[in-house]
Amino acid sequence: MTSTKTDTYINFCDDITNQQRPPHRFFHESTDSSLYIEPIATRNFFRKWNQLSRLQRTLVLGLLILLAIFCFVYGLSSAISNEHNWTGNAINSSLLLKLKQSAPSSKLKKEVLLFETDFNQRPIFTGPANAKQYAVVQSFKHAWKGYKEHAWGHDNLKPVSGTSFDWFSLGLTIVDGLDTAFIMGLTEEFEEGREWIKNELEFTKNKDVNFFEVTIRVLGALLTNYHFSGDDMFLEKAKDLGERLMAAFASPSGIPYSDVNLGARTAHVPEWSHHSSTSEISTVQLEFRELSRASDNPAFEDAAAAVSEKLHQLPKKHGLVPIFINPNTGQFVPHATITLGARGDSYYEYLLKQWIQTGRTMNYLRDDYLTAIEGVREFLARRSVPNKRLFIGELTTGSETMNTQAFYPKMDHLTCFLPGTLALGHANGLPDWHLEMAEELIHTCYLTYAAHPTFMAPEITHFNIGSSSTEDMFTKLADAHSLLRPEFVESLYVMYQLTGNTTYQDWGWQVYMGIEKYARVPRGYTSLTNVKTEKPSPKDMMESFFISETLKYLYLLFSDDRYMIDLSKYVFNSEAHPLPIHNN
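The rules behind these values
Residues numbered from 1 in each chain as written. Predicted model: local features only at pLDDT ≥ 70, side-chain atom pairs only at ≥ 80, totals over all residues. Heavy atoms only, no water. UniProt positions renumbered as here; feature names shortened; annotations may be inferred. Helix = DSSP H or I, 4+ residues; strand = E, 2+ residues; numbered from the N terminus. Buried < 20%, exposed > 50% of the residue type's maximum accessible area, 1.4 Å probe, protein only. Contact = heavy atoms within 4.5 Å. Polar contact = N/O pair within 3.5 Å; in protein donor to acceptor, adjacent residues only side chain to side chain. Expected span 1.5 Å × (residues − 1). Pairing = 2+ DSSP bridges. pLDDT = per-residue confidence, 0-100. Phe/Tyr/Trp six-rings, centres within 6.5 Å; stacked < 30°, edge-to-face > 60°. Lys NZ or Arg CZ within 6 Å of the ring centre and 35° of its normal. Axes fitted to C-alpha atoms, helices over the stretch in contact; angles between N-to-C directions. Parallel < 35°, antiparallel > 145°, perpendicular 65-115°, else oblique. Left-handed = near helix turned anticlockwise from the far one by under 90°. Core = buried A, V, L, I, M, F, W, Y, C linked by side-chain atoms within 4.5 Å.

Summarizing the sequence annotation, UniProt attributes the feature "active site" (unreviewed entry) to E213, D345, E459 and E487 in the numbering used throughout. Within the secondary structure, E213 is located in helix 7 (residues 211-229). For E213, a relative accessible area of 14% corresponds to the buried category. In this view, E213 contacts W167, F168 and V218; residues no more than four positions away in its chain are not counted. By the secondary structure assignment, E487 is in helix 16 (residues 487-499). With a relative accessible area of 9%, E487 lands in the buried category. Dropping the residues within four chain positions of it, E487 is found in contact with H413, L414, C416 and F417. Within the structure, E487 has its side chain in polar contact with the side chain of H413 (distance 3.3 Å).

Looking now at helix 6 (residues 187-200). In a regular helix each residue adds 1.5 Å, so 14 residues correspond to 20 Å; helix 6 covers 19 Å between its end C-alpha atoms and thus fits that length. Residues of helix 6 that are buried: E189, F190, E192, G193, R194, W196 and I197. Buried residues belonging to helix 6 abut helix 4 (131-151), helix 5 (172-183), helix 7 and helix 8 (232-245).

This part covers the sheet that holds strand 14 (residues 460-463). Read across the open sheet, the 3 strands follow the order 13-14-15; overall the sheet is antiparallel. In this open sheet, the two edge strands, each paired with only one partner strand, are strand 13 (410-412) and strand 15 (473-474). Sheet topology note: the strand 13/strand 14 ladder contains 3 bridges and is antiparallel. Along strand 14, the bridge assignment pairs K410 with H462.

Now for the confidence of the model for the protein chain. Scored by pLDDT, the protein chain comes out at a mean of 86, with 79% of its residues at no less than 70. Ignoring residues within four places in sequence, the model shows residues 1-43, a span with pLDDT below 50, making 47 contacts including any to other chains.

Attention shifts here to the environment of P458. Within the secondary structure layout, P458 lies in the loop between helix 15 (432-450) and strand 14. P458 sits 24 residues away from S482 along the chain, and the two C-alpha atoms are 5.3 Å apart. In this structure, P458 is in contact with H413, T448, H452, T475, D479, A480, H481 and V531, ignoring residues within four places of it in sequence.

Attention now goes to the packing of aromatic side chains. Taken as a whole and assessed by the stated rule, the structure comprises 30 aromatic pairs. Ring geometry for Y347 against Y348: centres 4.8 Å apart, planes inclined by 80°, an arrangement best described as edge-to-face. A residue is classified by how much of its surface remains accessible, and Y348, at 1% relative accessible area, is buried. An aromatic cluster is present here, built from F125, F182, F190, F228, F234 and Y570 joined pairwise through their rings. Note that K317 overlies the ring of F379, its terminal NZ or CZ placed 4.6 Å from the centroid.

Turning next to the sheet that holds strand 6 (residues 276-277). Ordered by their spatial adjacency, 3 strands build an open sheet running 6-7-8, and the pairing between neighbours is antiparallel. Unpaired on one side and paired on the other, strand 6 and strand 8 (331-332) mark the two borders of the sheet. Pairing geometry for strand 6 and strand 7 (residues 324-326), over 2 bridges, is antiparallel. Bridging across to strand 7, S276 finds its partner in I325.

Next up on the list: the packing of helix 7 against helix 8. At a closest axis distance of 8 Å, the pairing of helix 7 and helix 8 adopts a crossing angle of 155°. Classified by the interaxial angle, the pair formed by helix 7 and helix 8 is roughly antiparallel. Remark: the crossing between helix 7 and helix 8 carries left-handed chirality. Residue-level inspection shows F211, V214, T215, V218, L219, L222, L223, N225, Y226 and S229 of helix 7 in contact with helix 8, the latter providing D232, F234, L235, K237, A238, L241 and L245.

UniProt records the feature "binding site: Ca(2+)" (unreviewed entry) for S574 in the present numbering. Within the secondary structure, S574 is located in the loop between strand 18 (570-572) and strand 19 (578-580). Those residues in contact with S574 that lie beyond four places of it in its chain are T283, S346, E349, Y350 and E549.

Moving on, we get to the nonpolar core. Grouped together as the largest cluster of nonpolar side chains are 150 residues, with contacts concentrated most on L170, I197 and F488. Here the element with the most residues in this core is helix 7; it accounts for 11 residues. Not counting residues up to four positions away in its chain, the partners in contact with L170 are D155, V175, W196, L201, E202, F203, V209, V214, V218 and L262.

With their axes 11 Å apart at the nearest point, helix 11 (residues 299-313) and helix 13 (residues 363-380) run at an angle of 45° to one another. Considered as vectors, helix 11 and helix 13 are oriented oblique to each other. The handedness of the crossing between helix 11 and helix 13 comes out as left-handed. Within the contact between the two elements, helix 11 uses A305, S308, E309 and H312 and helix 13 uses Y364, L365 and D368.

Have a look at this one:
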């Protein structure tokens, strides 16, 4: 830790005891005999009533009628409000997960409410409410300050050398991280980022960009900032970008090309391959659908939804898909690796999230997701030796000429998105064993952090499945680097909101402490070369997803109100940008 002030925040935070919000309860009136009026009282009442003048009796009756109308209206609105709170909150409390107990979770169930976002009632964010959140805000401000001083307007900060790096030349760190500033209540940072987007962000350069990355980072961020701030400037920028990105769909099959020249409005396959990544072409639908809804232009949603429909029709291995697809033929590449890691992960994530985004009305997406998770359980889920840790491996051939695929016991850190996705599916009515798998898998992900002195996870973890193994997992030196990825803390946040279990907050705090101790440098935060050593060397790169996702999910995870962004009202895209759930 480089700051005495930050040490004070963290020491204070260690003494915090998080409190559960109490469940809402119903109260029912019962008959009370003490309220019975004797006949003599009735006679006295009518005697006094008859003594009143006609005007007095008319005024009294009028007041009684007005009072009755008011009570009826107030009672009706209260009943509706109580019903909503009961369904949205008390049922959540019934999902309380106790990791240290052996009681099975198969009995737990939750249904989330479908909600058509009222854009006139946008969420209000008032800043950190406790010391842990305050510490994360200070981390964001430290990262933003370093970026502003040394890389403003460029895509990424290189915090060790104090220089910048450009990938797409779109100011990725500003655009990607701006809604995090808004959620944290950082008005100054939000306004300076907004001004840069308004005056400097242009999509006219004759430069190739990655279709998927720009969609989730830039288009998704612009849409979220539009919904949260109500500023039409963000929507206008989003429409301009969306129209240029549409060039990607101009392949013979409609499967998007991977690279788009925004200025020329052309697209093509990458230089290194004739194929597109399956995860990339299937992880743009949330953003394009929301752009259609916000702009009242169905063309964006139609193009992206057609890709999902095309993928639905293709043959698969029990719902599992190869990681490459040919945009010219529209067919999967035969015998390509099957994984929930790189190039495969978010295909499965967006099957579920599209179904939720559209009010759980596009059932082929739900069915494809259910079939895929069954396939994961049968073909990719294994247990390590000797402690039977659940992990998700890969099916790989090593060559496109091979006819069979072998199981490879390695799991990317990217795969740690899955526990949160499984829990979200369960919250929307999917089978109980999805939550059980989520509980086990998130514990394995936690152990990939706890196994190292830095308390940081490597990019890839390998698992032992042989009978003579003494350790369940190990990390190869080539895989030992950390990019400060968000997938584990994303799952912690989702599972904390849906279960209320504060163990997930405790795990998140350990992750945060590791980041502060080993990744913080004077100009920001840096990725690391080797999490296996207590003195890891910096890689001199601060990815935009560190402030867009990792810090955002940590801030939300530590909130006293775990419904700060309610997962029954918003769905997070793959870059942690919340988009509204619709009812159709």
